[in-house]
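Here is what each chain is made of, one letter per residue.
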Amino acid sequence: MNWDDARMLLALSREQTLRRAARVLRVDQATVGRRVAALEADLGSTLFLRTPAGYQLTAIGEVAVEMAQKMEQAALELARRTRGADNEEAGEVRIATTDSLALEFVIPALRQVHETHPEVRVVLSGSSEIVNLSQRETDIAIRNQRPDSPDLVLRKLASWQMGLFASADYLARRGVPEEGSFAGHDLVVYEPYWRDRAEPTLVDVPMGEGRVVMAANASMMLRRGIAEGLGLGEIPVELGQRDGLRRVWPQRTRSQPYEVWMVTHQDLRHTARVRAVIEQLVRAFAVEVPGARR
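Residues numbered from 1 in each chain as written. Predicted model: local features only at pLDDT ≥ 70, side-chain atom pairs only at ≥ 80, totals over all residues. Heavy atoms only, no water.

(A) The arrangement of a nonpolar patch on the surface in detail. Together, Ile 60, Val 63 and Met 67 make up a nonpolar patch on the protein surface, roughly 240 Å² of accessible area in all. Note on placement: Val 63 falls in helix 4 (residues 59–84). (Patch = residues over 30% accessible without salt bridge, like charges linked within 9 Å, V, L, I, M, F, W, Y side chains within 5 Å. Areas by Shrake-Rupley, 256 points an atom, 1.4 Å probe, with all protein chains shown as cover. Salt bridge = Lys/Arg side-chain N within 4 Å of Asp/Glu carboxyl O. Helix = DSSP H or I, 4+ residues; strand = E, 2+ residues; numbered from the N terminus.)

Written out as structure tokens, the structure reads:
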């Protein structure tokens, strides 16, 4: 089995359809089907069962995948070590973060990167999904969750209070709610949090008496909904002040702050182009909005 065949095998075992595997591999699905069929012929074994639910591994297929995973780990280790030894301040750096953090902090930092290191090219991915640095899905991740992998290098970029905010228009129309109750008021919420909690809260106050009028799965949409006057919402104080929103119940905060973590693989932290990007990212998050408490 060569590495190209192993990649096909792993992608199809994980994605279970030719179409999804082809998208991951950036080839057409006919190529995936042809290569997997050729691999089965070379090995003289059926690796997949074709079922209505997709491609399912056979027992021998599971053994083949286990061996292919070892090849994958060796290839990833080779890539990490060679990239980590690169002292050239040029080339590609991949960053994964959320839409809000990208717009407010990362992109301004990239302007400075471009001015001082014009040969560095950044590929920026804005998504709330967690990426796998060990699988080389990205070089730098900026997230509000702290990972616990021993292979990763962590740096806390920020720790912000969470406050309740509304637009001036909303407060002019609906007034300020009585502290400790959302009765008679509309709410804009972060959809994953709202769905996952038996009793969701905003700034630790139960939302039960309020009416959810918008649930968003991205921070930028949540902020925009509040700014448009749809309702009250909970966001980091730093971002609420950047948006020019009015803080409601300023003495109340969520007991858990909003932390921002920068994560990279330990094999890459000394790569010149990665280090150059990291330095500018740290500077971007160090700039405070006047009056913001961290």
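(B) Broad picture of the sheet that holds strand 12 (residues 233–236). Reading across the sheet, the three strands line up as 12-7-13 and stay open at both edges, with antiparallel pairing between neighbours. In this open sheet, the two edge strands, each paired with only one partner strand, are strand 12 and strand 13 (246–248). With strand direction ignored, the average angle separating the axes of adjacent strands in the sheet is 55°. Bridging between strand 7 (residues 162–166) and strand 13 involves three bridges; their strand directions are antiparallel. Considered in strand 13, the bridge of Ala 166 is made with Arg 246. The sheet contacts of helix 8 (residues 219–227) involve strand 7 and strand 12, and relative to strand 12 the element is tilted by about 125°. (Pairing = 2+ DSSP bridges. Axes fitted to C-alpha atoms, helices over the stretch in contact; angles between N-to-C directions. Contact = heavy atoms within 4.5 Å.)

(C) Highlighting the packing of helix 5 (residues 99–116) against helix 10 (residues 272–286). Contact geometry of helix 5 with helix 10 gives a least axis separation of 8 Å together with a crossing angle of 130°. Accordingly, the angle class assigned to the pair helix 5 and helix 10 is oblique. Both helix 5 and helix 10 take part in a crossing whose hand is right-handed. Residue-level inspection shows Leu 101, Phe 105, Val 106, Ala 109, Gln 112, Val 113 and Thr 116 of helix 5 in contact with helix 10, the latter providing Ala 276, Val 277, Gln 280, Leu 281, Ala 284 and Phe 285. Residue composition of the contact of helix 5 with helix 10, grouped by class: 10 nonpolar, three polar and no charged. (Parallel < 35°, antiparallel > 145°, perpendicular 65-115°, else oblique. Left-handed = near helix turned anticlockwise from the far one by under 90°. Nonpolar A, V, L, I, M, F, W, Y, C, P; charged D, E, K, R; others polar.)

(D) Spatial organisation of the nonpolar core. Ranked by size, the top nonpolar core spans 26 residues in total, and within it Ile 95, Ile 140, Ile 142, Trp 160, Val 260 and Leu 281 carry the most contacts. Here this core gets seven residues from one element, more than from any other, and that element is helix 10. Ignoring any residue separated from it by four or fewer positions in sequence, one finds Ile 95 in contact with Val 106, Leu 110, Val 122, Val 123, Leu 124, Ser 125, Thr 138, Ile 140, Ile 142, Val 277 and Leu 281. In terms of nonpolar packing, the next biggest core, distinct from the first, is built from 19 residues, Met 8, Leu 10, Leu 25 and Leu 47 among them. (Core = buried A, V, L, I, M, F, W, Y, C linked by side-chain atoms within 4.5 Å. Buried < 20%, exposed > 50% of the residue type's maximum accessible area, 1.4 Å probe, protein only.)

(E) Representation of the packing of helix 1 (residues 3–15) against helix 2 (residues 18–25) in the model. At a minimum axis separation of 8 Å, helix 1 and helix 2 run at an interaxial angle of 130°. In terms of orientation, helix 1 lies oblique with respect to helix 2. The chirality of how helix 1 crosses helix 2 is right-handed. Between helix 1, through Arg 7, Met 8, Ala 11, Leu 12 and Glu 15, and helix 2, the contact on the second element is made entirely by Leu 18, Arg 20, Ala 21, Val 24 and Leu 25. Across the contact of helix 1 with helix 2, the residue classes tally to seven nonpolar, no polar and three charged.

(F) Region of the structure containing the environment of Gln 73. Mapped onto the secondary structure, Gln 73 falls in helix 4. For Gln 73 and Glu 259, which are 186 residues apart along the polypeptide, the C-alpha to C-alpha distance reads 31 Å.

(G) Spatial organisation of the pattern of salt bridges. All told, the structure shown has 20 salt bridges when counted by the stated rule. The partner of Asp 139 in a salt bridge is Arg 94, and the shortest N-O contact between them spans 3.2 Å. With Asp 139 in the loop between strand 4 (120–126) and strand 5 (140–143) and Arg 94 in strand 3 (residues 91–97), this residue pair connects regions lying 45 residues apart in the sequence. A salt bridge links Glu 115 to Arg 111; the shortest N-O distance between them is 3.4 Å. Placement of both Glu 115 and Arg 111 in helix 5 is noted, with a separation of four residues, approximately one turn of the helix.

(H) Expanded view of the side chain of Glu 234. Relative to the assigned elements, Glu 234 resides in strand 12. On the accessibility criterion, Glu 234 (9% relative accessible area) is buried. Within the structure, the side chain of Glu 234 is placed 3.3 Å from the side chain of Arg 254, a separation counted as a polar contact. Setting aside chain neighbours within four positions, we find Glu 234 in contact with Met 162, Gly 163, Leu 164, Val 188, Leu 202, Val 203, Leu 222, Ile 226 and Arg 254. (Polar contact = N/O pair within 3.5 Å; in protein donor to acceptor, adjacent residues only side chain to side chain.)

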